Amino acid sequence: MTKRQSLLSVDDLGRGGIERVLELADTFAEVSERLIPKVPTLRGRTVATLFFENSTRTRLSFETAAKRLSADTASLQVATSSVQKGESLRDTAETLDAMGVDAIVIRHPASGAPRRVTDWVDAAVINAGDGEHEHPTQALLDCYTMRETLGLGRGSGGFEGLRVAIVGDARHSRVCRSNVLALGALGATVTLVAPRTLLPASLEGWPVRVCSDLDEVIPAIDVCYVLRLQAERMREALFPSLHEYRERFGLTEERARHLRPGAVVMHPGPMNRGVEIDDAVASSANALVARQVRNGVAVRMAVLYLLLGAPVEVGLDEGLFGAEPELGGRAVGFGA
Ligand code: CP
């Protein structure tokens, strides 16, 4: 089999590629609204999920996206697989590849594991979260949700001038890194709000501002993107207590009152309600958490289409700017 293109980082797409995914996601969102939300676009393709870390949203979202495109799906349950007998990542990946799967959607605790897998397989590799490195499809669905909710589409000036605060545990967050890359590429202004101990060791090359005072930032932003406090990745005490963290960096009900009218609240999930975000804020009308999840399916349909919809000889760039998807036997252009 000829080697397929992969999606490992937001940087693989660039601004043009990100915009292409967002535009295609509009088309696939329309498919998801149909009575029977299924099109034959990827009939005959197989998408395998290989998750070495827990997931609710990402795995189900990719599997739903693949099924809506009529691809077959295969889900390797690591806990009951031969990984438990000591099988290596390479042997596991090569086994899936030998079965002829077209894409491997992988989540792994080691940063860089998906990139390593591309050395061993011909299938497209899609990074569904690797350690503290990246989670590109989360950032794509987040940008799609901002664009949809805040009216940042064509003719609006797009993301230029959009002010986004990413709040909390940036140090351990692959979601943060991917969003910084995506929002930076699209022209948004990003401020990281975190205690010094929860910032990445180096911010060199990151197109961000940094602030440690959430109260100062809150009234001047369009999007408050709250990160999960990733206790499972902390090997030392990085703040005095959960109570103090909430007091200074939590999006509390009181703090959320100072958001501008029309400003929105986002969180990638899963949420620690009562720690980084208050229950009432997470359930408020301007919180987009459920919308993020819903949009994730359309965005992942777009990504699967771009990687698997074109003939394998077509490169990612050509695929990104190539033909429109066949949806139900007719080619549907944007806005159709
Ligand atoms: N946002 C996200 O990656 O969620 P899951 O861990 O549930 O997949």
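Procedures and definitions
Residues numbered from 1 in each chain as written. Predicted model: local features only at pLDDT ≥ 70, side-chain atom pairs only at ≥ 80, totals over all residues. Heavy atoms only, no water. Near = heavy atom within 4 Å. Polar contact = N/O pair within 3.5 Å; in protein donor to acceptor, adjacent residues only side chain to side chain. Areas by Shrake-Rupley, 256 points an atom, 1.4 Å probe, with all protein chains shown as cover. 1 Å grid on protein atoms, 1.4 Å probe; cavity = no way out; pocket = protein on both sides within 12 Å on 5 of 7 lines; lining within 4 Å. Sits in = over half its atoms within 2 Å of the grid points. Nonpolar A, V, L, I, M, F, W, Y, C, P; charged D, E, K, R; others polar. Domains from an automatic or database assignment. Axes fitted to C-alpha atoms, helices over the stretch in contact; angles between N-to-C directions. Helix = DSSP H or I, 4+ residues; strand = E, 2+ residues; numbered from the N terminus. Parallel < 35°, antiparallel > 145°, perpendicular 65-115°, else oblique. Contact = heavy atoms within 4.5 Å. Points joined across faces, edges and corners; volume = space filled by probe spheres on them.

**Student:** What am I meant to see in the site of the ligand here?
**Tutor:** Taken together, S55, T56, R57, T58, R107, H135, Q138, P268 and G269 make up the full set of residues adjacent to the ligand. R57 places a main-chain nitrogen or oxygen 3.0 Å from an oxygen atom of the ligand. A distance of 2.9 Å is found between a nitrogen atom of the ligand and a backbone nitrogen or oxygen belonging to P268. Compared with its free state, where it exposes 260 Å², the ligand has 91% of that area covered by protein. Structurally, the ligand is housed in the largest pocket. Its residues assigned to classes, the shell around the ligand shows one nonpolar, six polar and two charged. Built from parts of two domains, the shell around the ligand gets at least three residues from each of domain 1 (10-133 + 296-319) and domain 2 (136-291).

**Student:** Honestly, the packing of helix α1 (residues 14-32) against helix α6 (residues 174-186) in this entry has me stumped. Any pointers?
**Tutor:** Any two packed helices are characterised by how steeply their axes cross, that is the angle between the axes, and by the distance between the axes. Look at α1 against α6: their axes get within 9 Å of each other, and the N-to-C directions meet at 95 degrees. Taken together, the axis directions place α1 and α6 in an arrangement best described as roughly perpendicular. Two secondary-structure elements touch here, α1 through R15, I18, E19 and L22 and α6 through A182, A185 and L186. Tallied by class, residues from the contact of α1 with α6 come to five nonpolar, no polar and two charged.

**Student:** Quick question: what am I supposed to make of the layout of surface pockets here?
**Tutor:** The rolling of a water-molecule-sized probe over the atoms marks out the regions of remaining empty space. The calculated volume of the largest pocket comes to roughly 440 Å³. Of all the elements in the fold, those that place two or more residues in the lining of the largest pocket are α2 (57-68) and α6. Residues belonging to the lining of the largest pocket are distributed by class as follows: four nonpolar, 11 polar and seven charged. Looking at the second largest pocket, its volume works out to about 220 Å³. Considering the residues around the second largest pocket, the lining is formed by R15, E19, L22, E23, R147, L152, G153, R154, G157, G158, F159 and L186. Looking at which element gives the most residues to the lining of the second largest pocket, the answer is α1, with four residues. When grouped by side-chain class, the residues that make up the lining of the second largest pocket number four nonpolar, three polar and five charged. Counting residues domain by domain, the lining of the second largest pocket receives three or more from each of domain 1 (10-133 + 296-319) and domain 2 (136-291).

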